[in-house]
Amino acid sequence: QVQLVESGGGLVQAGGSLRLSCAGSGLSAYHMGWFRQDPGKGREFVAAITWSGRSTYYTDSVKGRFAISRDNAKNTLYLQMNSLKPEDTAVYYCAAGSVDSDPRTYDYWGKGTLVTVSS
């Protein structure tokens, strides 16, 4: 069982930056992903990274603005978010077990952290 805890969310103005973290024991053995969800909408894939950190994947809307990374020694996953836009407002979740964009392929989920981008 992997328990994931996200942190780093908050309120930021458009154009600003935030870095999300996701900590969890045993996380280093898993491929990991970040998803986000607006109220009333499905969970949207944001980015993913292989367990080694050698390969990363992004949805088109965040390419060039967001960067996923990991520190396996610290069992921590990161999402650096730059040039934030109001449409990036959502609850952000980290997940373990896959690099696929389909959330059903992931085994473990955190409870989420809210990111609000004001215009």
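Preceding block: the structure.
Keep in mind that what you see is a predicted model, and the values were worked out from it rather than measured.

Conventions and cut-offs
Residues numbered from 1 in each chain as written. Predicted model: local features only at pLDDT ≥ 70, side-chain atom pairs only at ≥ 80, totals over all residues. Heavy atoms only, no water. Helix = DSSP H or I, 4+ residues; strand = E, 2+ residues; numbered from the N terminus. Rg over C-alpha atoms; globule rule 2.2 N^0.38 Å. Areas by Shrake-Rupley, 256 points an atom, 1.4 Å probe, with all protein chains shown as cover. Lys, Arg positive; Asp, Glu negative; His and termini not counted. Charge placed at Lys NZ, Arg CZ, Asp CG, Glu CD. Phe/Tyr/Trp six-rings, centres within 6.5 Å; stacked < 30°, edge-to-face > 60°. Pairing = 2+ DSSP bridges. Axes fitted to C-alpha atoms, helices over the stretch in contact; angles between N-to-C directions.

(A) Focus on the overall build of the protein. Across its full length, the protein holds zero helices and eleven strands. From first element to last, N terminus to C terminus, the protein shows the α and β order β-β-β-β-β-β-β-β-β-β-β. Radius of gyration (C-alpha) of the protein: 13 Å, near the 14 Å computed for a compact globule of 119 residues. For the protein, the spread of C-alpha atoms along the three principal axes comes to 40 × 30 × 25 Å. Of the accessible surface of the protein, which amounts to about 6100 Å², a share of 46% is contributed by carbon and sulfur atoms. Side chains of the protein carry 12 positive and 10 negative charges; the gap between the two charge centres is 4 Å.

(B) Structural detail: the packing of aromatic side chains. Throughout the structure, instances matching the rule amount to six aromatic pairs. On the basis of an interplanar angle of 75 degrees and a centroid distance of 6.5 Å, the ring pair of Tyr 93 and Trp 109 is categorised as edge-to-face. Taken together, the residues Tyr 93 in strand β9 (residues 90–96) and Trp 109 in strand β10 (residues 108–109) connect sequence positions 16 residues apart. Grouping aromatic residues by their ring pairs yields a cluster made of Phe 35, Phe 45, Tyr 93, Tyr 106 and Trp 109.

(C) Up close: the sheet that holds strand β8 (residues 76–81). Taken in spatial order, the four strands of this open sheet run β1-β3-β8-β7, and their pairing is antiparallel. On the outer flanks of this sheet lie β1 (5–7) and β7 (66–71), each paired with one strand and no other. Averaged over all neighbouring strand pairs, the angle between strand axes comes to 15 degrees, with direction disregarded. For β1 and strand β3 (residues 18–23), the ladder comprises three bridges, and the chain directions are antiparallel.

Note that every value here comes from positions in space, so none of it alone points to a role or purpose.
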